[in-house]
Amino acid sequence: MAAGFGSLLRECPLLLPQNREKTVYEGFVTAQGTDFHIRILLPVDLQLKNARIQCSWQLKRVLGGYQQILKQRLQHSLDLVSFMVELKTILELALKNTRELQSPALPPQQHYSGLISDIETLGWNKVVFVDPSFTTIKLKAEDSCGRHHQITLKLNPKYPAEPPDCLVDLPVQFTVTVDTQSSLLSIHRQFLAALESLKAFWNALDEIDGKTWVLEPEKPTRSATMRRIAIGNNVSINVEMDPRHPTMPPECFFLGPDHVVNPLKMKLNSNIHMWDPEVSLLQNLKEVLEVDFPSQEALDKSDFSMDCGICYAYRLDGTIPDQVCDDSRCGQPFHQACLYEWLRGLPSSRQSFNVIFGECPYCNKQITLKMSEESLKWRFRQPVTA
């Protein structure tokens, strides 16, 4: 009972027991910054279904159209704490609707009663957020590997006849199937099934995130299908996975000087037949490329120098250094835009179509920059300055 009272105190700090038996509670319930006086009388057996509620005339007026819902919740709530949580939710909704009486399309009270019952069936412990108008509901779920996920539902007044809009952090499209018998529980189960279908995909990426140095993205979301993994100083591999076929070879793109990257490309092409769907993605990459990826335990991220040798920054307008000097003694990376401006300012540089030839800012050896068509179009649109 002490634990129950502690929970009640956290939810309604202004509602206190008035006797030792804890059959009478009196105080205030707060919603939208307003305190409403309330008194709850419980029977000796503390059964909520036989409880009586006495409240101020202001609270009676606000909850006037929700009496049937309150009676229903008294019948089905497990304890006083859960009832007070639902009461506060209903009160928030009632206050919002009272202040929006001009709104022409408010759903009937049965809509909200059904939603509250729907949430009760699902379980309040799976609910992260419910807005006062019951149009946005956030649910949480845990997959079989212990990863935590959320789904945001945007409901309309015709729910459950019409499916809600679902916002999820998944690498594939998620669409729920609903009918007149559907419920939040059904949607939650469909979400769990979708999570389970992506288990192998996330297992592969979680292993890469935990055992290698991932340069991109810095904070990957669950919908991210790409990882840029450090192989060595100024050398990395960009891996793009198919979430529906996580055991198949991913698309690979190498970044680094040619004298390092070309041998890796050759190994990938000649050893791809060794790819084993029964082995993890990381292990396959190690065996096919014949490399050991630097681990987080052995090296620090600063050991993989990736800052641009011209602007000395890593990110520039959302781009990262992707141009590298091919001299084996240099290997300095540059942003394409920075290197373009540098070479354009050199009297000795020359351009043939979309390829610019010049000298490396670091080692003065010859460096070649191949501009994409989109980059060239953007450059030519810029105003010319003296």
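The structure presented is a predicted model; accordingly, all values stated were derived computationally and were not measured.

Rules used throughout
Residues numbered from 1 in each chain as written. Predicted model: local features only at pLDDT ≥ 70, side-chain atom pairs only at ≥ 80, totals over all residues. Heavy atoms only, no water. Helix = DSSP H or I, 4+ residues; strand = E, 2+ residues; numbered from the N terminus. Contact = heavy atoms within 4.5 Å. Areas by Shrake-Rupley, 256 points an atom, 1.4 Å probe, with all protein chains shown as cover. Pairing = 2+ DSSP bridges. Axes fitted to C-alpha atoms, helices over the stretch in contact; angles between N-to-C directions. Polar contact = N/O pair within 3.5 Å; in protein donor to acceptor, adjacent residues only side chain to side chain. Phe/Tyr/Trp six-rings, centres within 6.5 Å; stacked < 30°, edge-to-face > 60°. Buried < 20%, exposed > 50% of the residue type's maximum accessible area, 1.4 Å probe, protein only. Expected span 1.5 Å × (residues − 1). Arc of directions from axis to C-beta. Core = buried A, V, L, I, M, F, W, Y, C linked by side-chain atoms within 4.5 Å. Salt bridge = Lys/Arg side-chain N within 4 Å of Asp/Glu carboxyl O.

Broken down by element type, the chain carries 11 helices and 17 strands. Counting contacts in the chain only where the partners sit at least 6 residues apart, residues at least 24 apart contribute 45% of the total. Accessible surface, the chain as shown: approximately 21300 Å² in total, 52% of it carbon and sulfur.

Another aspect to go through is the sheet that holds strand β8 (residues 165-168). Reading across the sheet, the 4 strands line up as β5-β6-β7-β8 and stay open at both edges, with antiparallel pairing between neighbours. Two strands close off the open sheet at either side, each with one partner strand: β5 (127-130) and β8. Pairwise comparison of adjacent strand axes, ignoring direction, gives a mean angle of 20° for this sheet. When β5 meets strand β6 (residues 136-142), the two strands line up antiparallel, connected through 3 bridges.

On to the side chain of R227, then. Here R227 is to be found in strand β10 (residues 226-232). For R227, the side chain forms a polar contact with the side chain of D209, separated by 2.8 Å.

Another aspect to go through is the packing of aromatic side chains. One pass over the structure, following the stated rule, counts 3 aromatic pairs. Summarising the aromatic geometry, the rings of F174 and F191 are spaced 5.7 Å apart at their centres and angled 70° between planes, so their arrangement reads as edge-to-face. Pair noted here: F174 is in the loop between β8 and α6 (184-197) and F191 is in helix α6, with a separation of 17 residues, a long-range link. F191 carries the same exposure label as F174, and that label is buried. Their ring planes at 70° and their centres at 6.5 Å tell us that F334 and Y362 sit as a pair that is edge-to-face. Of this pair, F334 sits in strand β14 (residues 333-334) while Y362 sits in the loop between β16 (355-359) and β17 (366-370), and the two are 28 residues apart along the sequence. A relative accessible area of 0% means that F334 is categorised as buried.

We now examine unusual backbone geometry. Residue P217 follows E216 across a cis peptide bond; omega there is -15°. Along the chain, P217 turns up in the loop between β9 (214-216) and β10. Positive phi, normally seen in glycine, also occurs at Q32, with a value near 50°. Secondary-structure assignment places Q32 in the loop between β2 (24-31) and β3 (34-41). Backbone geometry places N364, a non-glycine residue, at a positive phi of 65°. On the secondary structure map, N364 appears in the loop between β16 and β17. A relative accessible area of 52% means that N364 is categorised as exposed.

Looking now at α6. Owing to its 3.6 residues per turn, the α-helix brings residues three or four apart onto one side. Here α6 contains 14 residues, and its C-alpha end-to-end distance of 20 Å stays within 8% of the 20 Å for a straight helix at 1.5 Å per residue. Those residues of α6 lying buried are L184, I187, H188, F191, A194 and L195. Taken end-on, α6 shows its buried residues confined to a sector of 115°, consistent with a single buried face.

In this section: the environment of F134. Within the element layout of this structure, F134 appears in the loop between β5 and β6. Considered as a pair, F134 and Y112 are 22 residues apart in the sequence and their alpha carbons are 7.4 Å apart. Residues within four places of F134 in sequence aside, it is in contact with T89, L93, Y112, L115, I116, I119 and L155.

So, on to the nonpolar core. One finds M84, L91 and F293 to be the most contacted residues of the largest nonpolar core, which totals 80 residues. Contacts of M84, omitting those with residues within four sequence positions, involve L8, C12, L15, V29 and I40. Among the nonpolar cores identified, the runner-up in size contains 12 residues, and I356, I367, L369 and M371 belong to it.

What follows concerns helix α3 (residues 67-76). Of all the residues in α3, the buried ones are I69, L70, R73 and L74. Down the axis of α3, the smallest arc covering the buried residues is 140°, so these residues share one side. Exposed side of α3, more than 90 degrees from the buried face: Q68 and K71 are the residues found there.

What follows is about the sheet that holds strand β4 (residues 52-55). One open sheet accounts for 4 strands, arranged β1-β2-β3-β4; its pairing is antiparallel. Two strands bound the open sheet, and with one partner strand each, they are β1 (15-17) and β4. The mean angle between the axes of side-by-side strands here comes to 25°, regardless of whether they run parallel or antiparallel. Here 8 bridges tie β2 to β3, and the two strands are oriented antiparallel to one another. By the bridge assignment for β3, V29 is matched with F36.

Structurally, Q323 is set in strand β13 (residues 323-324). Filtering out sequence-adjacent residues up to four positions away, Q323 remains in contact with Q332, P333, F334, H335, Q336, L339 and L369.

Scanning the model with the defined rule gives 9 salt bridges in all. Residue K211 pairs with E207 through a salt bridge whose shortest N-O separation is 3.5 Å. Residue K211 and its partner E207 are both found in helix α7 (residues 199-211); the two are separated by 4 residues, about one turn of the helix. Linked by salt bridges that have partners in common, D143, R147, D206 and R222 make up one network.

All quantities given are derived from atomic positions and should not be read as evidence of function.
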